[in-house]
Amino acid sequence: MSTHHPIAVVGGGLGGLTAARVLHTHGIEATVFEREASARARVQGGMLDIHEENGQKALHAAGLHEEFRALIHEGGQAMRLLGPDGTVHVSAADDDSGTRPEVDRGALRDLLLNSLPDGTIRWGSKVTGARPLDGGRHAVTFADGSTITTDLLIGADGAWSRVRPLVSAARPAYTGVSFVETDLLDADARHPRSAAVVGGGFFICLGNERGFLAHRETDGSLHVYTALKTGEDWVDTIDFGDSAAAKAAVLTHFEGWDDALRALVADADGPLVPRRIHALPVGHRWARTPGVTLLGDAAHLMSPFAGEGANLAMFDGAELAGAIAAHPGDREAALTAYEEALFPRGEASAAESAGSLDTMFGQDGLEKMIGFFAGGPADR
């Protein structure tokens, strides 16, 4: 037996939850189907800078901006840019402007989850496929064999969306950059050298088409992304089940770099996590398809080098919900209005992200980034 849900949101990330929350503020019910078993099924990742022009606007629309302010990591907007020899080229304190404050992704997700009525989230609902029915309705199938039907299907299910094939044949492609993620716990006490190198906020070190990106988290740990411009199969050449061997393999790409930088990998606590960086084509769009749309990474997956992924997902969710509320009884008009604005903003941010990847991981990436930050806020 299938159950029917007027609005079904596939994916309980920041974008899908924002859509459900803003719909709720307008008195419109939606059900969110999330594949994770519970809100605590896994760690949600590191810090996010939430931008005034999109992410914070979404939180205003959700009626949660004041609560969001309480989550801000004070000092998290500080930034340091280093070269491979450890030279500090840029060091900027947190200006306390509030335009791009840092918050913990997990705490932000909890804020959204706790703002929704009980029963909104259907945990453990892994979507395996979706198909169109008559009149713009869709049927959604889950891994346990159950199905639902819906009048409006919202794909908020990320890079490898199961909803996207309903509207587009596009698939994410490898960008040429891979990450290896590491953590240094209780950094001030256990890893004081690394804590001093990273500083109190965001940290970048670049050179020779590789580098380290890191940030200090609210629990005092350091989350580090070792980044390499490399072939798509590089991560398959390393046994990440053996942390010591994986560290050694990664560090072969940083021979001659300052020891304090190499320690971000060498001294890491816990496993190393590889991650290939993928993106959808810049300018990805689709023809208006009755009863279904996408938001966030499902719509415009991009590399993280513009810092827009989470912000756009939340803004997409808020804008979609607002369009639905503004067009009562005419969902197709709502989806048309939403997508007309979605496509150009997604294209602009995806182009910025792709350009930043090319800049940062080019042969002269460090020099270009020094110039970028020297330009001042007006040029950014």
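Before reading further, recall that the structure is shown in the block above.
Residues numbered from 1 in each chain as written. Predicted model: local features only at pLDDT ≥ 70, side-chain atom pairs only at ≥ 80, totals over all residues. Heavy atoms only, no water.

Enquirer: Please clarify how the pairing of strand β13 (residues 210-216) should be interpreted in this entry.
Expert: On a regular strand, one side chain projects to one face of the sheet and the next to the other, so that they alternate. Among the seven residues in β13, six count as buried, and that is most of the element. The pairing of strand β12 (residues 202-207) with β13 spans six bridges and is classified as antiparallel. Each residue of the ladder has a partner; that of G207, found in β13, is R210. The antiparallel hairpin formed by β12 and β13 contains two residues in its connecting segment, where N208 sits at a positive phi of about 55°. Where β13 lies against strand β14 (residues 222-229), seven bridges are found, and the strand directions are antiparallel. Bridge pairing in β14 places R216 opposite L222. A loop of five residues connects β13 with β14, the two strands running antiparallel in sequence, and G220 in this loop sits at a positive phi of about 90°. (Buried < 20%, exposed > 50% of the residue type's maximum accessible area, 1.4 Å probe, protein only. Helix = DSSP H or I, 4+ residues; strand = E, 2+ residues; numbered from the N terminus. Pairing = 2+ DSSP bridges.)

Enquirer: What is the right way to look at the side chain of S194 in this model?
Expert: As for its position among the elements, S194 is in helix α6 (residues 192-198). S194 sits in the buried class, given a relative accessible area of 2%. Residue contacts for S194: discarding those within four places in its chain leaves L184, L222, A263 and L264. (Contact = heavy atoms within 4.5 Å.)

Enquirer: Looking at this model, I keep getting lost on the pattern of salt bridges. Mind explaining?
Expert: Think of it this way: side chains of opposite charge can pair up when their charged atoms draw near. Within the structure shown, the criterion is met by 14 salt bridges. Among the salt bridges present, the one from R40 reaches D110, with a minimum N-O distance of 3.1 Å. On the criterion of sequence distance, the pair formed by R40 in the loop between β2 (31-33) and β3 (47-49) and D110 in helix α4 (residues 105-114) is long-range, its members being 70 residues apart. Judged by its relative accessible area of 60%, R40 is exposed. Exposure remark for D110: the relative accessible area of 21% places this residue in the partly exposed category. Residues R216 and D188 are paired through a salt bridge, measuring 3.2 Å at the closest nitrogen-oxygen approach. Of the two residues, R216 is situated in strand β13 and D188 in helix α5 (residues 187-190); the sequence distance between them amounts to 28 residues. With relative accessibility at 52%, the residue D188 sits in the exposed group. (Salt bridge = Lys/Arg side-chain N within 4 Å of Asp/Glu carboxyl O.)

Enquirer: Please explain the nonpolar core as it appears in this structure.
Expert: Side chains of a nonpolar character, in soluble globular proteins, are inclined to be buried together. Residues I7, F68, L108 and L153 are the most contacted members of the largest nonpolar core, which totals 58 residues. At seven residues, the largest contribution of residues to this core is made by helix α10 (residues 309-326). What L108 contacts, discounting residues up to four positions off in sequence, is L14, L48, I50, L59, F68, L71, V103 and M314. Counting residues in hydrophobic clusters, the runner-up holds 28 residues, among them V197, L222, V235 and L264. (Core = buried A, V, L, I, M, F, W, Y, C linked by side-chain atoms within 4.5 Å.)

Enquirer: In this structure, what is going on with the environment of F315? I would like to understand it.
Expert: As for its position among the elements, F315 is in helix α10. Overall, the relative accessible area of 14% leaves F315 in the buried class. C-alpha separation for the pair F315 and I204, spaced 111 residues apart in sequence, amounts to 27 Å. Discounting residues that sit within four places of it in the chain, F315 has contacts with E53, N54, K57, A58 and R345.

Enquirer: Just checking my understanding: could you explain the packing of helix α1 (residues 14-25) against α10 for this structure?
Expert: Helix-helix packing: each pair is described by the crossing angle between the helix axes and the interaxial distance. In contact at an axis separation of 7 Å, α1 and α10 are set at 30° when each is read in the N-to-C sense. Viewed along their axes, α1 and α10 adopt a mutual orientation that is roughly parallel. Here α1 and α10 pass one another in a crossing that is right-handed. Between α1, through L14, G15, T18, A19, V22 and L23, and α10, the contact on the second element is made entirely by A310, A313, M314, G317, A318, A321, G322 and I324. The residue makeup of the contact of α1 with α10, split by class, is ten nonpolar, four polar and no charged. (Axes fitted to C-alpha atoms, helices over the stretch in contact; angles between N-to-C directions. Parallel < 35°, antiparallel > 145°, perpendicular 65-115°, else oblique. Left-handed = near helix turned anticlockwise from the far one by under 90°. Nonpolar A, V, L, I, M, F, W, Y, C, P; charged D, E, K, R; others polar.)

Enquirer: I would appreciate a short explanation of the pairing of strand β10 (residues 147-155) in the present structure.
Expert: Counted residue by residue, β10 has seven buried out of nine residues, so it is predominantly covered. Of the strand pairs in this sheet, strand β1 (residues 3-10) and β10 are connected by seven bridges, and their pairing is parallel. In the sheet register, H4 faces β10, and the bridge partner there is T149. Taken together, strand β9 (residues 138-142) and the strand that follows it, β10, pair antiparallel across an intervening segment of four residues, in which G145 is found at a positive phi of about 95°. Sheet analysis places β10 next to strand β16 (residues 292-294), joined by three bridges and oriented parallel. Opposite G155, over in β16, you have L294 as the bridge partner.

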